[in-house]
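Below are the chains, spelled out letter by letter.
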Amino acid sequence: MADVQGTIFPAEDFDAEVDAETLYEAMKGWGTDEDPIIDVLANRSNEQRLEIREKFKQMYGERLIDRLKSELKGDFEEVVVALLTPPAEYLARCMKGAMKGMGTDEQALIEIMCTKNNQEMEELKSTYAEVFDGDSLEDDIEGETSGHFKRLLVSLCNAGREEGDENDVDEGLAEEDATEIYDAGEGQRGTDESKFNSVLALRSFPHLRVMFDKYLELSGNSIDNMIDEECDGAIKDGYMAIVYCVRNIPGFFAKRINDACKGIGTDDSTLIRCVVSRSEIDLQQVKEVFETRYGRPLSEAIKDECGGDYKNMLLAIVKDASVNPFPDFDAEEDAKILRKAMKGFGTDEDAIIEILCHRSNDQRQEIDTMFKQAYGKDLIDELKSELGGNFEKAILAMMQKPAVYDATCLRKAMKGAGTDEATLIEIMCTRKNDELTAIKEAYNAEFDRDLEEDLKSETSGHFERLLVSMCQANRDESYEVDEEEAESDAQELFDAGEGKFGTDESTFNMILALRNFNQLRAIFRAYERIAGTDILDSIKGECTGSLEDGYLTIAKGAMDTPALFAERLYKSMKGLGTDDKTLIRIVVTRSEIDMEYIKAKYEEMYEKPLADAIADDCGGDYKKCLISLLG
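Every residue gets a number counted from 1 within its own chain, in the order that chain's sequence is written. pLDDT decides what is reported in this predicted model: residues at 70 or higher carry local features, side-chain atom pairs at 80 or more are listed and counted, and totals for whole chains, interfaces and linings draw on all residues regardless. Only hydrogens and water are set aside when side-chain values are computed; all heavy atoms of the structure are taken into account.

Enquirer: In this structure, what is going on with the overall build of the protein chain? I would like to understand it.
Expert: Each helix is a run of H or I in the DSSP string that is no shorter than four residues. Each strand is a run of E no shorter than two, and both are numbered from the N terminus. Secondary structure summary: the protein chain contains 39 helices and zero strands in total. For the protein chain, whose C-alpha radius of gyration is 28 Å, the value lies close to the compact-globule estimate of 25 Å for 631 residues. Only heavy atoms enter the contact rule, under which two residues are in contact if any of them lie within 4.5 Å. For the protein chain, restricting intrachain contacts to residue pairs at least 6 apart in sequence, the fraction spanning at least 24 positions comes to 72%. The Shrake-Rupley method, run with a 1.4 Å probe, gives the accessible areas here. Residue values count only the displayed protein chains as cover. When the accessible area of the protein chain is evaluated, it comes to approximately 28,500 Å², of which 44% is carbon and sulfur surface. Taking the average location of the 75 positive side-chain charges in the protein chain and that of its 137 negative ones, the two points are 4 Å from each other. A radius of gyration in this sense is built from C-alpha atoms; the matching globule rule multiplies 2.2 Å by the number of residues raised to 0.38. The sign given to each residue is positive for Lys and Arg and negative for Asp and Glu; His and the chain ends receive no count. Lys charges are placed at NZ, Arg charges at CZ, Asp charges at CG and Glu charges at CD.

Written out as C-alpha cells, the structure reads:
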C-alpha cells in the first residue's frame, strides 16, 4: 500500500479573506449559490477552513457556520458543517450524538473509538470535555453501554495501547497471547471476553498482526472466524473492527462506507463522517480498497445513493474525476472568450484549452448553444476551421456528448475497408447498460443505422456473438454475490474450456456478458481453486484473436477497471509511434469518471506519472490539452 494520503490538501496561494468574501457573496441576497461553497470548502484543508471561519467573523460580524446553517439544509448542511469543524471536535460531537437521547449508536462509537491511536484518543477526550462543559467521555460511555462492550470502550478510552513498529514485536509474547485468546474462546466452554479485551485493546497493531498469524497456526482457524463464532452483538462488532483496523485501516473505512450505502436507504451520517474524517488522512487509499473490494468506484456509489448539492459536495471531496463542473460557470462569458480566441489573425490555443479542458461535458454543451445564440455560428465548425491535427481531434471529442462520441468512434471503427476491433472491444465491453443504451440511440440518430446490425455485418463467429450480447445491455448491475452460483459458473467455465477438448465459447459469452462485476470476481476466485490457474491465463490458452481480447477486457474490467485503462494507455504510447485515437478516446471519456484512479494505477504499474508519459509522446497544444484534462 502506498504512503497514507488524503484527497484534500492545503490550497496553494490560499487567501482566507478572498475565500470569506466568496462565501459571503454566495449567500448574499435572495437564494444561495451552492457551487462556490462546494468549490471553496472541498478544496481547502481543515486548517485553512478554520482560518476562513475566523476571517468571515472579522469581516461580517457573524459566525460562518451559523450563516451557512440558515442558508442550507439536510445532508448538504451536515457535510458543510462537518468540514468547518476541527477534526477532534467533529468526532467528539459525533460521539455525543451517538449517546444522546433514546438508544445508542454503538456502530458510531466503535468506528471512532477503535480507529484512534493514543494521541488522537487523548485529544478526543480533552475536546469532548471542552465542548460539553466538562463532561467526561469515559463517564458517558459507562452510562450508555454495558457489559464487556462497555469494558472494551473504556479500555480504549484510557489510551493505553502499546505503540511500536514491527521491530518491537516479541514473537514469544505474541504466541503467548494467541494461546491465551484460544484458551479464553475456542479452547473452553463459553468465552472469557476479559482476555480478549486485554489483548485487543492494549497490544500494538504490529504485535496483533503477528499474534493473528500465531493464532491461525495454533488453532487452524482465523481470528475473524473465531470472534464470529464466540461473540455476538456490539462486543463482536468492536472486536472485529479492531481486527479490520489492525490489518488495514483504509479497508475498515471502505467497509463502513459500503455498509452505509447498502440496502434500502443510506446511512448518511456514517457516509459523511467517513468521507470527511478521512479526507486529509487516507481517503485515496479508502477509494482504492473500495473499488477493488466492491467493484465500483466510491464516486459511483455516491452518485447512486445521494443527490443534489449533497452529492456534488461528496464527489468534490472524493475527487475521482480529473474534470469537474466549473464553479461560477458562465456560458456567455466562456463563449465570448472562445470567440475572441478565434477572431482575426491567428488563434489563441491557450484560451481554448483553458476553457474547454476545465468545463464538464454538460457545461461545454451549454457553451456550444450560447455560442450559436450569441454569434450565429456553430462553435464546432469554428473550432474545425481554426485547429488541426490531433489537437483538433481531442477538442472535437470533448465537444461531443459522451454517447455521441462513443457512437462516432464505433461508426469509424466499422466504416470503410477493415474493422478496428480494438475500438469495438474497448467501448462495447467497458460501458454500463445505460451507457450502451444511450450509444445505440445516438448511433441511430447520428447515422440512421442500427448498431447491432452493423456489428453483425462487420464481425463474425463468437466475437460477433459477444458484441451482440454486450449490445443488449442486459448485464446484472447489482452488487450482490451468490457464492454457490459462483462455484457453479466457475465449474461451467472450466468444463467449457480447460476441462474438455476444444472450447465452448457460448458458455464464456453467457457468463462474462451477463454477470455483475462482483459476481465475476467471485467466479474467478472459484475458477482458480478448481482449475489451479487464473481466468486470464485460461482465456489466453483457450481463445485467440479478437474474441480473446474481448474476454480479457471484460475480465480485467471486472477485476480492476482503472488498471485496464492504464494498460490501454500504456500500450497506446508504447514502442514506435503513438496510437492517438486510443489515447484521446480514453483521456476524454474517463476524465469525468475515474481518471484520478487511472493516473494512480498507471504510476503504480509503470513507475512513471501518466502526464510524463504523455509529455514524452505528444507535443504542442495537443500535449497541453491532454495534460490539462488529466487535472
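Okay, back to it.
Enquirer: It is not clear to me how a negative patch on the surface should be interpreted in this structure. Could you clarify?
Expert: Any residue with relative accessible area above 30% and no salt bridge may belong to a patch, with like charges joined within 9 Å and the nonpolar Val, Leu, Ile, Met, Phe, Trp and Tyr side chains within 5 Å. Here a salt bridge means any side-chain nitrogen of Lys or Arg lying within 4 Å of a carboxyl oxygen belonging to Asp or Glu. Together, Asp-170, Glu-175, Glu-176, Asp-213 and Glu-217 give the surface a local cluster of negative charge. By relative accessible area, Asp-170 is classed as partly exposed at 44%. The cut-offs for exposure are 20% and 50% of the maximum accessible area for each residue type, with area from a 1.4 Å probe on protein chains only; residues under the lower value are buried, those over the upper are exposed, and the others partly exposed.

Enquirer: Explain the pattern of salt bridges to me, please; I cannot follow it from the model alone.
Expert: A side chain of one charge can pair with a side chain of the opposite charge if their charged atoms are brought near each other. Under the criterion given, the structure shown has 49 salt bridges. Two residues, Glu-111 and Arg-256, come together in a salt bridge whose shortest N-O distance is 3.0 Å. On the criterion of sequence distance, the pair formed by Glu-111 in helix 7 (residues 106-113) and Arg-256 in helix 16 (residues 249-261) is long-range, its members being 145 residues apart. The residues Glu-111 and Arg-256 share a single accessibility class, namely buried. A salt bridge links Arg-247 to Asp-224, with the nearest nitrogen and oxygen atoms 2.5 Å apart. With Arg-247 in helix 15 (residues 233-247) and Asp-224 in helix 14 (residues 223-230), this residue pair connects regions lying 23 residues apart in the sequence. One network of salt bridges, in which partners are shared, links Glu-62, Arg-67 and Glu-71.

Enquirer: For this particular structure, what's the right way to read helix 30 (residues 461-471)?
Expert: Side chains that are three or four residues apart share a direction in an α-helix, a result of its 3.6 residues per turn. Every buried residue of helix 30 is listed here: Phe-463, Leu-466, Leu-467, Val-468, Met-470 and Cys-471. Considering only its buried residues, helix 30 is in contact with helix 27 (421-428), helix 28 (433-447), helix 29 (451-458), helix 32 (505-514) and helix 35 (545-573). Two residues or fewer past helix 30, Ala-473 is found with a positive phi of approximately 55 degrees.

Enquirer: Would you mind going over the packing of helix 14 against helix 15 with me for this structure?
Expert: The description of two packed helices rests on the angle between their axes and on the distance between the axes. Between helix 14 and helix 15, the shortest axis-to-axis distance is 10 Å and the interhelical angle comes to 175 degrees. As far as their axial angle goes, helix 15 and helix 14 are roughly antiparallel. For the pair formed by helix 14 and helix 15, the contact residues are Ile-223, Asp-224, Ile-227 and Asp-228 on the first element and Lys-236, Tyr-239, Met-240, Val-243 and Arg-247 on the second. When residues are grouped by polarity, Ala, Val, Leu, Ile, Met, Phe, Trp, Tyr, Cys and Pro land in nonpolar, Asp, Glu, Lys and Arg in charged, and all others, Gly among them, in polar. Split into classes, the residues belonging to the contact of helix 14 with helix 15 amount to five nonpolar, no polar and four charged. A fitted line through C-alpha atoms represents every axis, and for helices the fit uses only the stretch in contact; the resulting angles, taken between N-to-C directions, go from 0 to 180 degrees. For this classification, under 35 degrees means roughly parallel, over 145 means roughly antiparallel, 65 to 115 means roughly perpendicular, and everything else is oblique.

Enquirer: Just checking my understanding: could you explain unusual backbone geometry for this structure?
Expert: Most peptide bonds are trans, and most residues other than glycine sit at a negative phi. At Asp-133, a position not held by glycine, the phi torsion is positive, near 50 degrees. Unlike most non-glycine residues, Ala-473 shows phi in positive territory, near 55 degrees. Topologically, Ala-473 is positioned in the loop between helix 30 and helix 31 (483-496). Assessed through its relative accessible area of 13%, Ala-473 is described here as buried.

Enquirer: Which parts of the structure should I look at to understand the state of the cysteines?
Expert: In protein structure, a disulfide is the covalent linkage between the sulfur atoms of two cysteines. Note on terminology: disulfide denotes any pair of cysteine sulfur atoms within 2.5 Å. Applying the stated criterion across every chain, the model contains zero disulfides. In this structure Cys-114 is a free cysteine whose sulfur lies 6.9 Å from that of Cys-245, the closest cysteine sulfur available. Given the relative accessible area of 2%, Cys-245 is considered buried.

Enquirer: Explain the side chain of Asp-406 to me, please; I cannot follow it from the model alone.
Expert: In this fold, Asp-406 is placed in helix 26 (residues 402-414). Judged by its relative accessible area of 5%, Asp-406 falls in the buried class. Beyond its immediate sequence surroundings of up to four residues, Asp-406 is in contact with Ile-427, Arg-431, Ile-439 and Thr-589.

Enquirer: Looking at this model, I keep getting lost on the packing of aromatic side chains. Mind explaining?
Expert: One pair of aromatic rings is described through two measures. These are the centre distance and the angle between the planes. Within 6.5 Å between ring centres, the rings of Phe, Tyr and Trp (the latter by its six-membered ring) count as paired, and their orientation is classed by plane angle as stacked under 30 degrees, edge-to-face over 60, tilted in between. As enumerated under the stated definition, the model contains 14 aromatic pairs in all. With a centroid separation of 5.5 Å and 65 degrees between ring planes, the pair formed by Tyr-443 and Phe-447 is classed as edge-to-face. Taken together, the residues Tyr-443 and Phe-447, both in helix 28 and four residues apart, mark about one turn of the helix. For the ring pair Phe-508 and Tyr-551, a centre distance of 5.7 Å and an interplane angle of 25 degrees mean the geometry is stacked. Pair noted here: Phe-508 is in helix 32 and Tyr-551 is in helix 35, with a separation of 43 residues, a long-range link. The class for Tyr-551 is buried, based on a relative accessible area of 0%. Three or more aromatic residues joined by ring pairs make a cluster, and in this case those are Tyr-24, Phe-56 and Tyr-60.

Enquirer: Honestly, the environment of Gly-164 in this entry has me stumped. Any pointers?
Expert: By the element assignment, Gly-164 lies in the loop between helix 10 (147-157) and helix 11 (171-184). Residue Gly-164 is classed as partly exposed on the basis of its relative accessible area of 33%. Placed 172 residues apart in sequence, Gly-164 and Lys-336 show a C-alpha to C-alpha distance of 61 Å.

Enquirer: Please explain the packing of helix 30 against helix 35 as it appears in this structure.
Expert: Running from N to C, helix 30 and helix 35 point in directions that differ by 35 degrees, and their axes come no closer than 8 Å. Remark: the crossing between helix 30 and helix 35 carries left-handed chirality. Side by side, helix 30 and helix 35 meet where His-462, Phe-463, Leu-466 and Met-470 of the first sit next to Ser-546, Leu-547, Gly-550, Tyr-551 and Ile-554 of the second. Residues belonging to the contact of helix 30 with helix 35 are distributed by class as follows: six nonpolar, three polar and no charged. Two helices crossing with the near one rotated counterclockwise from the far one by less than a right angle form a left-handed crossing, whereas a clockwise rotation gives a right-handed crossing.

Enquirer: Just checking my understanding: could you explain the nonpolar core for this structure?
Expert: One recurring pattern in soluble globular proteins is that nonpolar side chains are buried together. Side-chain atoms within 4.5 Å are what join buried Ala, Val, Leu, Ile, Met, Phe, Trp, Tyr and Cys residues into a set we call a nonpolar core. Ranked by size, the top nonpolar core spans 103 residues in total, and within it Ile-37, Val-79, Val-80, Met-113, Met-313 and Ile-317 carry the most contacts. By residue number, the principal contributor to this core is helix 15, which donates eight residues. Residue contacts for Met-113: discarding those within four places in its chain leaves Met-95, Met-121, Leu-124, Leu-137, Ile-141, Leu-153, Leu-156 and Cys-157. Residues Leu-338, Leu-379, Ala-473 and Ile-511 belong to the second largest nonpolar core, which totals 95 residues.

Enquirer: I keep staring at the side chain of Thr-127 and nothing clicks. Help me out?
Expert: Positionally, Thr-127 belongs in helix 8 (residues 118-131). In this structure, Thr-127 is in contact with Ala-88, Glu-89 and Ala-92, ignoring residues within four places of it in sequence.

Enquirer: What exactly am I supposed to notice about helix 33 (residues 517-531) here?
Expert: For helix 33, built from 15 residues, the straight-helix expectation of 21 Å at 1.5 Å per residue is met to within 8% by its first-to-last C-alpha distance of 20 Å. Within the sequence span of helix 33, burial applies to Asn-518, Gln-519, Leu-520, Arg-521, Ala-522, Ile-523, Phe-524, Ala-526 and Tyr-527. Residues adjacent in sequence count toward polar contacts only when both atoms are side-chain atoms; beyond that, a polar contact is any pair of N or O atoms within 3.5 Å, and within protein one must be able to donate a hydrogen and the other to accept it. Capping the start of helix 33 is the job of one residue whose side-chain oxygen sits 2.9 Å from the backbone nitrogen of Asn-518: Asn-516. Once helix 33 finishes, Gly-532 follows within two positions and takes phi at roughly 75 degrees, a positive value. Given a helix with a known number of residues, its expected span is that number minus one, times 1.5 Å.

Enquirer: Please clarify how the environment of Phe-205 should be interpreted in this entry.
Expert: When you line up the elements, Phe-205 lands in helix 13 (residues 205-219). Along the chain, Phe-205 and Arg-161 lie 44 residues apart, while their C-alpha atoms are 8.9 Å from each other. Contacts of Phe-205, omitting those with residues within four sequence positions, involve Arg-161, Cys-245, Val-246 and Ile-249.

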